[in-house]
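# Overview (structure and organization)
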There are 2 protein chains.
Amino acid sequence: MTQFPPFLEETDDTRDAIMRATYVALCEHGYNELTIQRIGDEFSKSKSLLYHHYDSKDDLLLDFLSFMLDQLEGQIPTYRAGGADDHIAEIVEQTFDLGVAEMGTDFTRALVELRAQAAHDEGYREHFTRSDQFVRKHVAHTIRSGIEQGVFRDVDPQETAALFQLVFVGTMTQRVTSDDDILEDGRSAFERYIRECLLEAE
Amino acid sequence: MTQFPPFLEETDDTRDAIMRATYVALCEHGYNELTIQRIGDEFSKSKSLLYHHYDSKDDLLLDFLSFMLDQLEGQIPTYRAGGADDHIAEIVEQTFDLGVAEMGTDFTRALVELRAQAAHDEGYREHFTRSDQFVRKHVAHTIRSGIEQGVFRDVDPQETAALFQLVFVGTMTQRVTSDDDILEDGRSAFERYIRECLLEAE
């Protein structure tokens with residue numbers, strides 16, 4: 001049974017319904033086996049709407065990725081009360097749990113496949129560039145706040161956020177492409193890094 | 001012009017020639033556009049040999065990945081003279097440079113696409129599991145040596161190697177799927193991690 005993120009609840013709005021059908025079909029079939037026809041099978045309205053709006057599977061998927069990123073951007077507040085050390089702990093939690101608690105492993109599988117399209121497709125590369133910049137800006141901002149609050153050491157926020165980004169992409173990819181189960185060990189080492197390299201000694 | 005790793009030099013051996021043709025075609029076309037026909041176009045012997053030996057493109061690619069991993073395993077010595085701190089510096093160099101100096105970005109693109117196949121294909125997942133285990137064992141061994149030599153702190157070798165593995169996969173993926181150029185920043189942060197979390201204070 002497909003798990004849904006909260007912003008993909010059933011709806012009467014046509015675009016939202018297309019996005020929901022895309023999510024379901026993508027989780028079920030993966031990128032290679034996905035077709036507009038199969039997305040249409042999950043869509044309660046007329047399938048001709050899909051062909052009318054989108055030239056190709058990739059055209060629809062790029063719109064879907066953009067929709068998902070808009071939702072994510074809307075969910076993350078620009079100002080947050082509380083300590084940056086707590087926020088970093090949440091980011092680590094999300095990094096090592098991504099796609100499992102909220103959305104299920106099927107969606108992580110699909111995201112990794114979609115990201116790989118960016119190796120040869122400029123449209124996907126533009127999307128993931130935008131997505132990476134958003135995530136990295138959010139992490140760098142949190143680190144900067146932590147330095148100002150005196151809870152983090154005086155590290156370079158951009159460099160530190162870049163390492164977070166690499167660990168984030170690596171974790172997501174590793175989770176669904178290998179049975180070598182290293183995520184728990186990797187998380188322990190990364191949390192040690194945060195304690196010893198990022199947090200101000202008490 | 002395709003760059004070749006040293007073990008893919010021109011040869012009379014049939015399997016080696018198939019591996020070389022696969023490498024060239026994969027770098028040129030990427031996974032999605034690759035066909036046995038296109039591999040045959042790079043092959044100086046009879047194309048029927050390819051169809052005789054392999055049932056499908058994926059069958060050939062899995063044999064190719066296995067060949068590449070055998071070569072890599074053969075290249076890395078089990079015993080090395082010198083300090084583990086120097087070996088770790090080499091591993092970091094390889095992590096952030098992979099596919100650029102020796103093999104060119106085209107091959108990294110192809111590897112990221114092949115890895116993404118593992119999200120839905122058991123054969124690819126088995127390969128990358130074996131590949132990950134090899135890399136991680138090598139890194140863990142180097143860390144263990146460094147602790148014995150007194151150049152590394154008393155960290156958990158398995159956990160530390162797992163983080164190296166995540167950064168390795170993340171770097172490779174990020175390099176070819178995003179124009180958000182963070183590798184230099186990520187490397188600085190990772191080197192800082194090694195100085196402050198791994199190396200014994202002098």
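Chain A is annotated in an unreviewed UniProt entry as TetR/AcrR family transcriptional regulator from Natrinema thermotolerans.

Our next topic: the UniProt feature "DNA-binding region" (unreviewed entry) in chain A. The UniProt record annotates "DNA-binding region" (unreviewed entry) at residues 35–54 of chain A. Here residues 35–54 of chain A is 60% helix and 0% strand, with 12 Å between the C-alpha atoms at its ends.

We now examine the domain arrangement of chain A. Residue and element names in this part refer to chain A. Its domain assignment divides chain A into domain 1 (7–75) and domain 2 (77–202). Summed over both partners, the interface of domain 1 with domain 2 buries about 1,600 Å², with 68% contributed by carbon and sulfur atoms. Summed over the shared surface of domain 1 and domain 2, the number is two salt bridges. The residue Arg130 makes a salt bridge to Glu73 at a minimum N-O spacing of 3.5 Å. Our enumeration of links across domain 1 and domain 2 arrives at three residue pairs in polar contact (both at pLDDT 80 or more). Of all the secondary-structure elements, those providing two or more residues to the side of domain 1 that touches domain 2 are helix H1 (14–33) and helix H4 (57–75). Examining the composition of the side of domain 1 that touches domain 2, we find that twelve residues originate from one element, H4, more than from any other.

A pair of packed helices is characterised by two quantities: the angle between their axes and the separation of those axes. Relative orientation of the contacting elements helix H9 (residues 183–198) of chain A and helix H9 (residues 183–198) of chain B amounts to 85°, with a least axis distance of 10 Å. By the criterion of interaxial angle, the relationship of H9(A) to H9(B) is roughly perpendicular. Contact residues: H9(A) offers A:Arg192, A:Tyr193, A:Glu196 and A:Cys197, while H9(B) offers B:Arg192, B:Tyr193, B:Glu196 and B:Cys197. Residues of the contact of H9(A) with H9(B), tallied by class, amount to four nonpolar, no polar and four charged.

What follows deals with the relation of the copies chain B and chain A. Note on the identical chains: chain B maps onto chain A by a rotation of 180° and an axial translation of 0.0 Å, with an RMSD of 0.0 Å. What the superposition gives is, in effect, a two-fold axis relating one chain to the other. Proximity to the rotation axis, assessed at the C-alpha, singles out B:Gly170 in chain B; its C-alpha lies 1.8 Å from the axis. Taken together, the interface assignments show that 100% of the residues at the interface of chain B recur at the interface of chain A, consistent with an identical surface on both copies.

For H9(A), the complete set of buried residues consists of A:Leu183, A:Gly186, A:Ala189, A:Phe190, A:Arg192, A:Tyr193, A:Ile194, A:Cys197 and A:Leu198. Here the buried face of H9(A) lies against helix H5 (84–97), helix H7 (122–149) and helix H8 (157–177) of chain A together with helix H8 (157–177) and H9 of chain B.

Each side of the interface is counted separately: chain B has 50 residues, and chain A has 50 residues. Linking chain B with chain A are 26 residue pairs in polar contact (both at pLDDT 80 or more). At the level of elements, helix H1 (14–33), helix H6 (105–117), helix H7 (122–149), H8 and H9 of chain B are the ones that each hand at least two residues to the side of chain B that touches chain A. With 15 residues, H8(B) is the single largest residue contributor to the side of chain B that touches chain A.

Time to look at the side chain of A:Thr171. Tracing the sequence through the fold places A:Thr171 in helix H8. Residue contacts for A:Thr171: discarding those within four places in its chain leaves A:Thr95, A:Phe96, A:Leu183 and B:Leu166.

Moving on to the pattern of salt bridges. Any two side chains of opposite charge can pair, so long as their charged atoms come close to each other. Residues and elements named next belong to chain B. Here the structure, examined in full by the defined rule, presents 26 salt bridges over all chains. Between Glu93 and Arg187 there is a salt bridge whose closest N-O contact spans 2.8 Å. Taken together, the residues Glu93 in helix H5 (residues 84–97) and Arg187 in helix H9 connect sequence positions 94 residues apart. The class for Glu93 is partly exposed, based on a relative accessible area of 39%.

In this section: the state of the cysteines. Per the stated rule, a full pass over the model turns up zero disulfides over all chains. Note on B:Cys197: no disulfide assigned, nearest cysteine sulfur contributed by A:Cys197 at a separation of 4.0 Å.

Now for the confidence of the model for chain A. Averaged over all residues, the pLDDT of chain A is 90; the fraction at 70 or higher stands at 92%. When the elements of chain A are averaged for pLDDT, helix H3 (residues 48–53) of chain A gives the smallest value, 89, and H8(A) the largest, 96.

As a further point, take the packing of aromatic side chains. Evaluation of the coordinates by the stated rule reveals 13 aromatic pairs over all chains. Here the aromatic rings of A:Phe64 and A:Phe107 are separated by 6.2 Å at their centres, their planes lie at 80°, and the arrangement is edge-to-face. Of this pair, A:Phe64 sits in helix H4 while A:Phe107 sits in helix H6 (residues 105–117), and the two are 43 residues apart along the sequence. The buried category is assigned to A:Phe64, whose relative accessible area is 0%. Taking the relative accessible area as the measure of exposure, A:Phe107 reaches 3% and is therefore buried. Here A:Tyr193 and B:Tyr193 contribute two aromatic rings whose centre-to-centre distance is 5.8 Å and whose plane-to-plane angle is 80°, an arrangement assigned as edge-to-face. Here A:Tyr193 is found in helix H9, whereas its partner B:Tyr193 is found in helix H9 on a different chain. Residues A:Tyr193 and B:Tyr193 agree in their burial class; the two are buried.

The rules behind each value
- Residues numbered from 1 in each chain as written.
- Chains lettered and ligands numbered in written order.
- Predicted model: local features only at pLDDT ≥ 70, side-chain atom pairs only at ≥ 80, totals over all residues.
- Heavy atoms only, no water.
- UniProt positions renumbered as here; feature names shortened; annotations may be inferred.
- Helix = DSSP H or I, 4+ residues; strand = E, 2+ residues; numbered from the N terminus.
- Domains from an automatic or database assignment.
- Buried area = accessible area lost by both parts, 1.4 Å probe.
- Salt bridge = Lys/Arg side-chain N within 4 Å of Asp/Glu carboxyl O.
- Polar contact = N/O pair within 3.5 Å; in protein donor to acceptor, adjacent residues only side chain to side chain.
- Axes fitted to C-alpha atoms, helices over the stretch in contact; angles between N-to-C directions.
- Parallel < 35°, antiparallel > 145°, perpendicular 65-115°, else oblique.
- Contact = heavy atoms within 4.5 Å.
- Nonpolar A, V, L, I, M, F, W, Y, C, P; charged D, E, K, R; others polar.
- Least-squares fit on C-alpha atoms with pLDDT ≥ 70 in both.
- Buried < 20%, exposed > 50% of the residue type's maximum accessible area, 1.4 Å probe, protein only.
- Disulfide = S-S within 2.5 Å.
- pLDDT = per-residue confidence, 0-100.
- Phe/Tyr/Trp six-rings, centres within 6.5 Å; stacked < 30°, edge-to-face > 60°.

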